[in-house]
Structures are given as structure tokens and as C-alpha cells.
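Here is what each chain is made of, one letter per residue.
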Amino acid sequence: MNRARELADSIIHRYLSLTRYQRRLNERIRMSTNVSGRQLAVLRFLVQDGPHSVGRISRYLYVRDATTSALLDRMERNGYVTRRRSTEDCRKVIVEPTELGREIAATAPAGTTYLLRTRLPEVDVEELERIDRALARLSEIAEVDESTLD
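These numbers come from a predicted model, not from an experiment. (Residues numbered from 1 in each chain as written. Predicted model: local features only at pLDDT ≥ 70, side-chain atom pairs only at ≥ 80, totals over all residues. Heavy atoms only, no water.)

(A) Fine view of the overall build of the chain. In terms of helices and strands, the chain carries seven helices and three strands. Element order for the chain, N to C, with α for helix and β for strand: α-α-β-α-α-β-β-α-α-α. Based on the C-alpha atoms only, the size of the chain along its principal axes is roughly 60 × 35 × 30 Å. Within the chain, contacts between residues separated by at least 24 positions form 52% of all contacts whose residues are at least 6 apart in sequence. (Helix = DSSP H or I, 4+ residues; strand = E, 2+ residues; numbered from the N terminus. Contact = heavy atoms within 4.5 Å.)

Here you go:
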């Protein structure tokens, strides 16, 4: 086998391992907490950063507002968050974690995305730039159209 094929196989293996691990870990977290990975991400974001608008939560999750609204509907029904109109702009809805939501955020195991969000800023900037370029190139090779993602 030539070196290019070996490296390509290694890259594909690492990519699939990462995505499989993330999916399996998220499933284990969901089974133990009854909270999805996205719900847990929202709870941790709100606990760490304070109350936010639906739009800001959407940007944090890299999804559309409609997706976030449906997610927040479920979270509110389950008692994890509350929503209220902003006092400064009545068009904005502000989301806050409840005590139950805070407890879940504090006790749930850390998922892959959470670990990446907290640990990547500690990595040297030059290494981050190399990782960013590599992931951008992988997305290009795989013909990823980010405009179709939700």
C-alpha cells in the first residue's frame, strides 16, 4: 500500500472514530440523564454564560431559530428552562435554566463537543490554525454544503 492510501485510511479511521464516539457517548449521556446532547449543550451554555435569546442559542448550536424553538419547547415542558419576553425588546425571548436544568448541567458527563469547546481555546494558536485548515480541507473534499445543515 502506498503512503497516500495509508494516510487517507488513517484520516478516515480517525474521522469515523470521532463521530462514532460522539454518537455513542451522547447516547449514554441521554440514557443516564434523559437529556439530549443539544439540550445539555444549551443548559451548560446558559449556566456558564447566563440568560440568552433564542437567536444567540441558535448561533451557539449552529442551527436555525426554528430548530432551537422546537428544542426549547421540549426543554420547557420538561422543566429544564423558562422563557420570558425581554424587557428591552419585546420581540426577543430570553431563556434561562431552571434549578433542575442547573442540576443536570452540573452533574451530567461532559460530551465530546463540550470538551472541544472548553479545551480547544487552550491549544496553541498555530496548532489551532493547522487544525482549522485541515478540517476546512476535509469539508471541501467531502463536498460539505454548510448551507444545508440545520
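(B) Inspection of the nonpolar core at higher detail. Core analysis: the biggest nonpolar cluster contains 22 residues, and Val42, Ile57, Leu72, Met75 and Val81 have the highest contact counts within it. For this core, the secondary structure elements donating two or more residues are helix H1 (3–33), helix H2 (37–49), helix H3 (54–61), helix H4 (65–77) and helix H5 (99–107). What Ile57 contacts, discounting residues up to four positions off in sequence, is Val42, Phe45, Leu46, His52, Thr68, Leu72 and Val95. (Core = buried A, V, L, I, M, F, W, Y, C linked by side-chain atoms within 4.5 Å. Buried < 20%, exposed > 50% of the residue type's maximum accessible area, 1.4 Å probe, protein only.)

(C) Looking closely at H4. End to end, H4 covers 18 Å across 13 residues, agreeing with the expected 18 Å (1.5 Å per residue, within 8%). Residues of H4 that are buried include every one of Thr67, Thr68, Leu71, Leu72 and Met75, and no others. The buried residues of H4 all sit within an arc of 130° when viewed along its axis, so they share a single face. Those residues of H4 that are exposed and aimed more than 90 degrees away from the buried face are Ala66 and Arg77. The positive-phi residue at the C-terminal boundary of H4 is Gly79, with phi of around 85°. (Expected span 1.5 Å × (residues − 1). Arc of directions from axis to C-beta.)

(D) The arrangement of the pattern of salt bridges in detail. Counting across every chain of the model gives eight salt bridges. Between Asp9 and Arg5 there is a salt bridge, and its shortest N-O distance comes to 3.3 Å. With a gap of four residues between them, Asp9 and Arg5 both fall in helix H1, about one helical turn apart. Look at Asp9 and you get partly exposed, because its relative accessible area is 33%. Residue Asp89 is joined to Arg91 by a salt bridge in which the shortest nitrogen-to-oxygen separation is 2.9 Å. Here the residues in one salt-bridge network are Asp73, Glu76 and Arg83, joined through shared partners. (Salt bridge = Lys/Arg side-chain N within 4 Å of Asp/Glu carboxyl O.)

(E) How the structure looks around the environment of Leu46. Looking at the element boundaries, Leu46 is found in helix H2. The sequence separation of Leu46 and Asp132 amounts to 86 residues, and the corresponding C-alpha distance is 26 Å.

(F) View of the pairing of strand E3 (residues 93–97). As paired strands, strand E1 (residues 52–53) and E3 are joined by two bridges and run antiparallel to one another. Paired with His52 across the bridge in E3 is Val95. Bridging between strand E2 (residues 81–85) and E3 involves five bridges; their strand directions are antiparallel. Within E3, the residue paired with Val81 across the bridge is Pro97. (Pairing = 2+ DSSP bridges.)

(G) How the structure looks around H5. Those residues of H5 lying buried are Gly101, Ile104 and Ala105. Along the axis of H5, the buried residues cluster in a sector spanning 100°; they form a single face. Those residues of H5 that are exposed and aimed more than 90 degrees away from the buried face are Glu99, Glu103, Ala106 and Thr107. Summarising the contacts, the buried residues of H5 are in contact with H2.

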